[in-house]
Amino acid sequence: QVRLVEPGGGLVQTGDSLRLSCLASGRTFGWNVMGWFRQAPGKEREFVACINTSGGTTLYADSVKGRCTISTDNAKNTMYLQMNSLKVEDTAVYYCAAAKRFSPTAVVDLYDSWGQGTQVTVSS
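Residues numbered from 1 in each chain as written. Predicted model: local features only at pLDDT ≥ 70, side-chain atom pairs only at ≥ 80, totals over all residues. Heavy atoms only, no water.

Asker: Even after reading the chapter, I still don't get the pattern of salt bridges, so can you show me in this structure?
Answerer: Opposite charge on two side chains permits them to pair, given that their charged atoms come into close proximity. This model, assessed by the stated rule, comprises four salt bridges. Taking the shortest distance from any N to any O, the salt bridge between Glu46 and Arg38 comes out at 2.6 Å. With a relative accessible area of 35%, Glu46 lands in the partly exposed category. Between Arg67 and Asp90 there is a salt bridge; the shortest N-O distance is 2.8 Å. With Arg67 in the loop between β6 (58-60) and β7 (68-73) and Asp90 in the loop between β8 (78-83) and β9 (92-99), this residue pair connects regions lying 23 residues apart in the sequence. (Salt bridge = Lys/Arg side-chain N within 4 Å of Asp/Glu carboxyl O. Buried < 20%, exposed > 50% of the residue type's maximum accessible area, 1.4 Å probe, protein only. Helix = DSSP H or I, 4+ residues; strand = E, 2+ residues; numbered from the N terminus.)

Now the structure itself:
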């Protein structure tokens, strides 16, 4: 099983930028798709972005397209989410996740391994 840890997160202001990291350890072989999800209070967990760690294919939610960039550093077993022009509605707990598949997917149930989450708060 792969273990995922998301250090970082924090409190920022509207318009600021923030980069989230997700460190993978353990048996990482085969976990070819990694993604970011978020969950705001009282809402369901929603897809943000994902990436195929081998080919680099990415997928973004419409709500973050153009403002966020997902990337990986395979040598460091680390995935990143660069978030720019942050909005109050981006406030949520952000989770990284991994799936044993090749094609990127926004379906939360197709991800088998999850990090503990990190809080991102955007103030106006």
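Asker: Explanation requested: the nonpolar core in the structure shown.
Answerer: Buried together is how nonpolar side chains tend to be arranged in soluble globular proteins. The biggest cluster of nonpolar side chains holds 36 residues, and the ones touching the most others in it are Trp36, Leu81, Met83 and Tyr94. Contributions of two or more residues to this core are made by β1 (2-5), β3 (18-26), β4 (33-39), β5 (46-52), β7, β8, β9 and β11 (118-123). With six residues, the single largest contributor to this core is β9. (Core = buried A, V, L, I, M, F, W, Y, C linked by side-chain atoms within 4.5 Å.)

Asker: Hey, could you run me through the environment of Ser123 in this one?
Answerer: For Ser123, the position within the fold is in strand β11. Sequence separation of Ser123 and Leu18 is 105 residues, and the distance between their C-alpha atoms is 13 Å. Beyond its immediate stretch of four places on either side in the chain, Ser123 contacts Leu11, Val12, Gln13, Thr14 and Val88. (Contact = heavy atoms within 4.5 Å.)

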